[in-house]
Structures are given as C-alpha cells and as structure tokens.
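Next come the chains, spelled out residue by residue.
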Amino acid sequence: MVSAVFHTPLDAAAPAARSATNSVAASTHPAGAAGQKDLKTAAAVPPAAAKSQRDTSWLWLGILPPLLGLGLLVLIWELVSVGTGASIPSPKDTFVQAVQVFSDPFYNKGPNDQGVGWNVLSSLKRVAMGFGMAAIVGIPVGFMIGRFNFLSRMFNPLISLLRPVSPLAWLPIGLLVFKGANPAAIWTIFICSIWPMIINTAVGVQRVPQDYMNVARVLNLSEWKIFTKILFPAVLPYLLTGVRLAVGTAWLVIVAAEMLTGGVGIGFWVWDEWNNLNVSSIIIAIFVIGIVGLLLEFALIKIATLFTFEEVKS
C-alpha cells in the first residue's frame, strides 16, 4: 500500500528522462516528429492484421463452392428438361409453380386438398411421435445392453436379425394390428428409428474406460450413481449420433409410408400430384423434403455440439 502511494525521486525522474530521450530521437530523425509518429503507427498495426484484411479465402472456400454446386445442378436440370422434350419441367417452370404453391401454403379445402404447409406439419407430427417413442424405449434398452453382458448376448442376435428388414415391410403389420393408416405410419417410424439409438448407445456404454468402472466399484457407487455420474456423460456423444441417424431415417421412411397409407402428409402430397401428372409439384416436394431434412440435421448437430466434450467436437 505504501509503495502504491509514495514514489522515490528516482521514480519521478524516470518519466522525465524517457521524455528527453524521445525528444532527442525526434529531433535527430530525418523526418522529425512526424516521422516518429509514422513509425509508431506502423508499429501499432501488426503484419498479421494487415494480411487478414486482404484475406479473401472465405469467399473462395465458403461461398463460391456452394454456389457453383447449385449452378451445376440447375444446368444439369435444364439439360435434362431439354433432352426429354420438357416432360421434366425446366427450372424456370418449376420456379413459377413454386411461387404459386408457396403463395398460400396453409389453405384447406378438405381432407385430401390441403396446402404444402399442412402436409409438412402432418409428416413432422408423425415423425415426432414415432421418433419420441423410439427414444423412450431404445435409449434405456441400449444402456442395459451395453451395461450387462448377459443382456448383450441375449439381444444381439435379435437386433442383427431385425435391423436389416426394410421399414416398409413393417407397415402391413402395423395396419393389421392398429387398424388405421396413421398409427401404422407412426409404428413404421418407431421400428425404423429404434435400431440406431439402441446400437449407438450400447456401443458407447461398452467403450467407457474400465478404469472408470473400477473407481465406481472401489467407491461402492450405486447403479444410479454409475449411470448419472459416469455412463451418461461418457455415452452422450454416441447417444446423440444415434439420435441423428434415427431422425434422418425416420424422415426418409415417412414419405414412403404416407405414399402407401394416404391421408395428409408430404408423401401423400407427392403421390397425389403424380396422380394429377403435376411433375412440377413433385420436384417442389423433393426440394421441400430435402430442406426439412437438412434443417433437422442442422438442429441436431447444434444440440450435439452443445452437449459434447471439446475433444469429441474436434
């Protein structure tokens, strides 16, 4: 405290000496004080900052490649349209149709004549229900299979047998059991979404370092403590990967399921437009399905980034 308030004569003389030195340097410099000011300005701007101001790699690597890819897609699309005698609508014709479709996406003229917005929302509702039930069942089952060797040996043959089955092969079983198209579609989403979550969660549990489990055994931790303090944080990256794979599969399957079951949904909308020979609307539906799937994937990547360890992110 004393040294912060009182100063010695040497301390007081130091700034005067530095000022005198600067004055001498300014007077001896060929350009005088103005030249020294230029030197200070040049020294204040680091070379890296000046280089970064001229860096345009973000343009060449971040913006130009996607634009070129989209341009290539439009070019190929136009060539296919010309080569097929306009049986495949051109990008211009499809754009005109898209403007008309999205001018009123939520119109409702009956159960079989609704806007594209209602169809997408209906499909997302079915995906959410089937995917949610698959998560409620699949994630705990994956933890148990990975945690206990007996259960792993018991369920692995069943999973290996049922997982390769096409999801649409389960649709008739759903129609037979539930006696309705909507619950049958949800059942199909459930059965195709459950396998990635079970397998990825089980693999994550099995890859937890044995040292962690040895420490838990020494500390005599309960199964609940082992799950909450050791298994869940370590398995979370694997679990989120399974969730991403499951929701992508669910969004793929719902389109095909709705084509077969009918009702309101993006898959039914595609099939209905095909029956009306409206190919432009089918192409629009393809882009809508792709954009919605991309948004779902992007949202899950963001969630995974928030709950994933730094070393896993990299």
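Shown above is the structure to which this text applies.
Keep in mind that what you see is a predicted model, and the values were worked out from it rather than measured. (Residues numbered from 1 in each chain as written. Predicted model: local features only at pLDDT ≥ 70, side-chain atom pairs only at ≥ 80, totals over all residues. Heavy atoms only, no water.)

## Here we look at helix 13 (residues 266-275)
Residues of helix 13 that are buried: Ile266, Gly267, Phe268, Trp269, Val270 and Glu273. In this fold, the buried residues of helix 13 make contact with helix 6 (91-103), helix 7 (116-147), helix 12 (223-261) and helix 14 (279-306). Directly beyond the C-terminal end of helix 13, a positive phi value near 55 degrees is found at leucine 277. (Buried < 20%, exposed > 50% of the residue type's maximum accessible area, 1.4 Å probe, protein only. Helix = DSSP H or I, 4+ residues; strand = E, 2+ residues; numbered from the N terminus. Contact = heavy atoms within 4.5 Å.)

## What about the side chain of threonine 94?
Within the secondary structure layout, threonine 94 lies in helix 6. Excluding residues within four positions of it along the chain, threonine 94 makes contact with Trp77, Pro89, Ser280, Ile283 and Ile284.

## Thoughts on the nonpolar core
Within soluble globular proteins, side chains that are nonpolar tend to cluster in buried spots. Ranked by internal contacts, the top residues of the largest apolar core, which has 28 residues, are Phe143, Met197 and Leu231. Contributing elements (two or more residues each) for this core: helix 7, helix 10 (181-206), helix 11 (210-218) and helix 12. When neighbours within four sequence positions are excluded, methionine 197 is seen to be in contact with Phe131, Ala134, Ala135, Gly138, Ile139, Gly242, Val243 and Ala246. Counting 23 residues, the second largest nonpolar core, distinct from the first, contains Val120, Ala250, Ile254 and Ile266. (Core = buried A, V, L, I, M, F, W, Y, C linked by side-chain atoms within 4.5 Å.)

## Structural notes on the packing of helix 6 against helix 14
Viewed as axis vectors pointing N to C, helix 6 and helix 14 meet at an angle of 75 degrees, and their least axial separation amounts to 9 Å. Overall, the two elements helix 6 and helix 14 adopt an arrangement that is roughly perpendicular. Within the contact between the two elements, helix 6 uses Thr94, Gln97, Ala98, Val101 and Phe102 and helix 14 uses Ser280, Ser281, Ile283, Ile284 and Val288. For the contact of helix 6 with helix 14, the class distribution of residues is 6 nonpolar, 4 polar and no charged. (Axes fitted to C-alpha atoms, helices over the stretch in contact; angles between N-to-C directions. Parallel < 35°, antiparallel > 145°, perpendicular 65-115°, else oblique. Nonpolar A, V, L, I, M, F, W, Y, C, P; charged D, E, K, R; others polar.)

## Topic: the pattern of salt bridges
Counted according to the given criterion, the structure contains 3 salt bridges. Put simply, glutamate 258 and arginine 126 hold a salt bridge, and the shortest N to O gap is 2.6 Å. Here glutamate 258 is found in helix 12, whereas its partner arginine 126 is found in helix 7, with 132 residues between them in sequence. (Salt bridge = Lys/Arg side-chain N within 4 Å of Asp/Glu carboxyl O.)

## Thoughts on the environment of aspartate 104
One can find aspartate 104 in the loop between helix 6 and helix 7. In this structure aspartate 104 comes out as partly exposed when scored by relative accessible area, which is 41%. Expressed as a C-alpha distance, the spacing of aspartate 104 and glutamine 114, which sit 10 residues apart in the sequence, is 9.9 Å.

Don't take any of this as a statement about function, it's just geometry.
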